[in-house]
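Architecture and fold: a report
The primary structure of each chain is shown beneath.
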Amino acid sequence: MRQFAVIGSGPAGFYTAEALAKAYAETAEIDIIDKLPVPYGLIRFGVAPDHQSIKAVSRRYDKVAEGGGARFVGNIAVGDAVSIDELKQLYDAVILATGAPHDRTLGIPGEQLGGVVGSAAFVGWDNGHPDFADLDPPFDGDAAAVIGNGNVALDVARILSKTRAEFAGSDIVGHALEALEKSAIRTITIVGRRGPHQIAMTPKELGELGHLAGAEADVEPADLPPAEADAALEPGARKSVHHLREFAAHDDAGKPKHIRFDFFARPVAIEGKERAERLIVERTALDEAGQSVGTGETYAIPGSLIISCIGYHTPPIDGVPYDERGGRFANQGGVIGDGLFCVGWARRGPSGTIGTNRPDGYEVAATIAEAMPPGSSGGKAGGLGLSALLANRGIAATDFDDWRTIEAAETAAARPDSPREKLVRHADWLRVLGH
Ligand code: NAP
């Protein structure tokens, strides 16, 4: 029998557990450990609440836990409740699937001002992550700036723009829905340091901005390269740029909100008396390598709410080698060291779709299976040992049945137009469980 601990119950963790369960069948026991009492990581807390079709992938993950392939062990913060060294003594392999939940910083003056938030915090707030329940983003001004030209910037701009009716069917948390409905924001500027041909936005997600009930997307025609140049783009990027061309060509439909694309603008400072009032950007041009270089010309973009959507990093864990530049664990093909592995964004950095994590997890599971062939034994204590250690420390873990109890309470509390009203705080989860 082999004993495996997967740390993190987001997509990377579940796909890896699924792959290990398939490779080892009855000859391994797998624990999926999460610091929160509830599973799914990025699916529950990172995917935009109005993208329910993407969130539905959690049903596939349920099968891993329900089929007995793996055990969910929630409410256990690795590095705090239990150390990596302790886990390595208990399990044959420890696989870090901790994702990249921390915001990268801009590193510009004024970043600490009130009203400046990172996308992990903002998306966590509207998705009911307990760490961001009290974020309270300011919506009292009429302008917001969203920094970055990736899909997360699109998620954020869309959430700021939707009407209450457009959130029907989503699982946006009540506190966010109420606050957004009262928002005074009318102009949302999406700021990109490079140009339309360099965006990291996918066509489906960009196209959504063209169908909003109360907002329209605007692109400055002069920012677009000549149409012939689109031929050199790969098909997905060409479709995305096609959407930008539509946004540049449309007539003003008189909708109350505007999402303005401001390209070739590099953030250099955030200014304001007591809180953010404006983002100062430097006009850029592209060098031969397609990177942005400042031109020296600066101007201000108004914004009492400034949300940076410029990527994430994995939080380091004591004793685990870390790649500072990549913002992830130092690894070779998912191998960190003896008995220690990483998968997903903790392995590759924050890029790719949910589905990218599947081959990633299967690859690392295959590496493990090669080193520890199914049927072999490492003589480790595994989950039983972990339970004994936690009991000794007076720490109560949650299991998959507990999650089902929480889920039932969330479903019962749902608004008429949503699948659930998420419980947001630790205390609420534990209350439902009678802890
Ligand atoms: P991303 O795709 O890497 O985009 C980051 C953006 O931030 C880029 O436009 C980048 O510009 C810009 N940026 C980085 N540092 C900056 C700085 N200092 N100043 C100004 N701009 C800066 O990251 P993401 O949007 O966080 O998305 C992460 C991953 O999740 C991506 O693979 C994304 O596709 C995926 N995702 C998918 C969906 C979906 O499928 N619905 C939704 C959300 C996220 P440069 O290009 O110039 O570096």
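Presented here is an overview of the structure given in this document. What you see is a predicted model; the values in this text were computed from it and never measured. (Residues numbered from 1 in each chain as written. Predicted model: local features only at pLDDT ≥ 70, side-chain atom pairs only at ≥ 80, totals over all residues. Heavy atoms only, no water.)

**As for the overall build of the protein**
Helix and strand counts for the protein stand at 15 helices and 19 strands. At 23 Å, the protein has a C-alpha radius of gyration in line with the 22 Å of a compact globule built from 435 residues. Taken along its principal axes, the extent of the C-alpha atoms in the protein is 65 × 50 × 40 Å. Per-residue burial over the protein gives 53% buried out of 435 residues. Across the protein, the fraction of contacts at a sequence separation of at least 24, relative to all contacts at a separation of at least 6, is 74%. Accessible area of the protein: about 18,500 Å², with a carbon and sulfur share of 52%. (Helix = DSSP H or I, 4+ residues; strand = E, 2+ residues; numbered from the N terminus. Rg over C-alpha atoms; globule rule 2.2 N^0.38 Å. Buried < 20%, exposed > 50% of the residue type's maximum accessible area, 1.4 Å probe, protein only. Contact = heavy atoms within 4.5 Å. Areas by Shrake-Rupley, 256 points an atom, 1.4 Å probe, with all protein chains shown as cover.)

**Some details on the pattern of salt bridges**
In the structure shown here, the tally under the stated rule is 32 salt bridges. Between Glu86 and Arg393 there is a salt bridge, with the nearest N and O atoms lying 2.4 Å from each other. Here the residue Glu86 occupies a position in helix H5 (residues 84-90), and Arg393 occupies one in helix H13 (residues 382-393), the gap between them amounting to 307 residues. Classification of Arg393 as partly exposed rests on a relative accessible area of 40%. (Salt bridge = Lys/Arg side-chain N within 4 Å of Asp/Glu carboxyl O.)

**What to know about the sheet that holds strand S8 (residues 187-191)**
One open sheet holds the six strands; their spatial order is S6-S14-S7-S8-S10-S9, and the pairing between them is parallel. Edge positions in the sheet fall to strand S6 (116-118) and strand S9 (215-219), since each of these pairs with one other strand and no more. Taken over all neighbouring pairs, the strand axes of this sheet differ in orientation by 20 degrees on average, direction set aside. For S8 and strand S10 (residues 257-262), the ladder comprises five bridges, and the chain directions are parallel. Within the sheet, the bridge partner assigned to Ile190 lies in S10 and is Phe261. Where helix H6 (residues 119-126) meets the sheet, its contacts fall on S6 and strand S14 (305-308), and the angle it forms with S6 comes to roughly 80 degrees. Together, S9 and S10 form the strand contacts of helix H10 (residues 235-249), whose direction differs from that of S9 by roughly 100 degrees. (Pairing = 2+ DSSP bridges. Axes fitted to C-alpha atoms, helices over the stretch in contact; angles between N-to-C directions.)

**Quick word on unusual backbone geometry**
Notably, Asn75 is not glycine yet its phi reads approximately 70 degrees, a positive angle. When you line up the elements, Asn75 lands in the loop between strand S3 (71-73) and H5. Among the residues examined, Asn75 registers a relative accessible area of 19% and is labelled buried. Within the chain, Phe264 stands out as a residue other than glycine whose phi angle is a positive 50 degrees. When you line up the elements, Phe264 lands in the loop between S10 and strand S11 (265-271).

**Regarding the pairing of strand S13 (residues 292-302)**
Within a regular beta strand, the side chains point alternately toward one face of the sheet and then the other, so they alternate between its two faces. In the sheet, strand S12 (residues 278-286) pairs with S13 via eight bridges, with the strands oriented antiparallel. Each residue of the ladder has a partner; that of Leu279, found in S13, is Ile301. With antiparallel pairing between neighbouring strands as the criterion, S12 and S13 make up a hairpin whose turn holds five residues, including Gly290 at a positive phi of roughly 85 degrees.

**A short note on the sheet that holds strand S1 (residues 2-7)**
Strands sit in the order S3-S2-S1-S4-S19-S18 across an open sheet of six strands; the sheet is mixed. Pairing within the sheet leaves two strands with one partner each, and these edge strands are S3 and strand S18 (335-337). Each adjacent strand pair in this sheet contributes to an overall mean axis angle of 25 degrees, direction not counted. Sheet topology note: the S1/strand S2 (residues 28-33) ladder contains six bridges and is parallel.

**Some remarks on the site of the ligand**
Taken together, 22 residues form the shell around the ligand, and within it Asn149, Asn151, Arg193, Arg194 and Gly352 come nearest. Within the side chain of Arg194, one N or O atom sits 2.8 Å away from an oxygen atom of the ligand. Between the ligand and Glu205, the relevant distance is 3.1 Å, taken from a nitrogen atom to a side-chain nitrogen or oxygen of the residue. Considering the ligand on its own, with 920 Å² of exposed area, one finds that the protein chains cover 80% of that surface. (Near = heavy atom within 4 Å. Polar contact = N/O pair within 3.5 Å; in protein donor to acceptor, adjacent residues only side chain to side chain.)

**Focus: the nonpolar core**
Core analysis: the largest hydrophobic core is formed by 43 residues, its most contacted members being Leu160, Leu209 and Phe261. Per element, the largest residue contribution to this core is six residues, and it comes from helix H7 (residues 151-161). If you look at the next biggest cluster of nonpolar residues, it comprises 42 residues, including Ala17, Ala93, Val343 and Leu433. (Core = buried A, V, L, I, M, F, W, Y, C linked by side-chain atoms within 4.5 Å.)

**Side note on H13**
In this model, H13 (twelve residues) spans 17 Å end to end at C-alpha, consistent with the 16 Å of a helix rising 1.5 Å per residue. Every buried residue belonging to H13 is among Gly382, Gly383, Gly385, Leu386, Leu389 and Leu390, and all of these are buried. End-on view of H13: buried residues confined to an arc of 155 degrees, all on one side of the axis. For H13, the exposed residues set more than 90 degrees away from the buried face come down to Leu384, Ala391 and Asn392. Buried residues belonging to H13 abut S1, S2, S3 and H5. One or two residues past the end of H13 sits Gly394, with phi positive at roughly 70 degrees. (Expected span 1.5 Å × (residues − 1). Arc of directions from axis to C-beta.)

**Some details on the environment of Val116**
Positionally, Val116 belongs in strand S6. When the C-alpha atoms of Val116 and Gly303 are compared, they prove to be 9.3 Å apart, with 187 residues separating the residues in sequence. Val116 has contacts with Gly110, Glu111, Ile270, Ala276 and Ile306, leaving out every residue within four places of it along the chain.

**Focus on the packing of aromatic side chains**
Note on aromatic pairs: each is described by the distance of the centres and the angle between the planes. Within this structure, the stated rule accounts for eleven aromatic pairs. Where Phe247 meets Phe261, the ring centres are 6.2 Å apart and the plane angle is 20 degrees; that geometry is what we call stacked. One end of the pair, Phe247, is in helix H10; the other, Phe261, is in strand S10, with 14 residues separating them in the sequence. Relative accessible area serves as the criterion here: at 3%, Phe261 is assigned to the buried category. Consider the rings of Tyr322 and Phe329, whose centres lie 6.1 Å apart with planes at 80 degrees: the pair is edge-to-face. (Phe/Tyr/Trp six-rings, centres within 6.5 Å; stacked < 30°, edge-to-face > 60°.)

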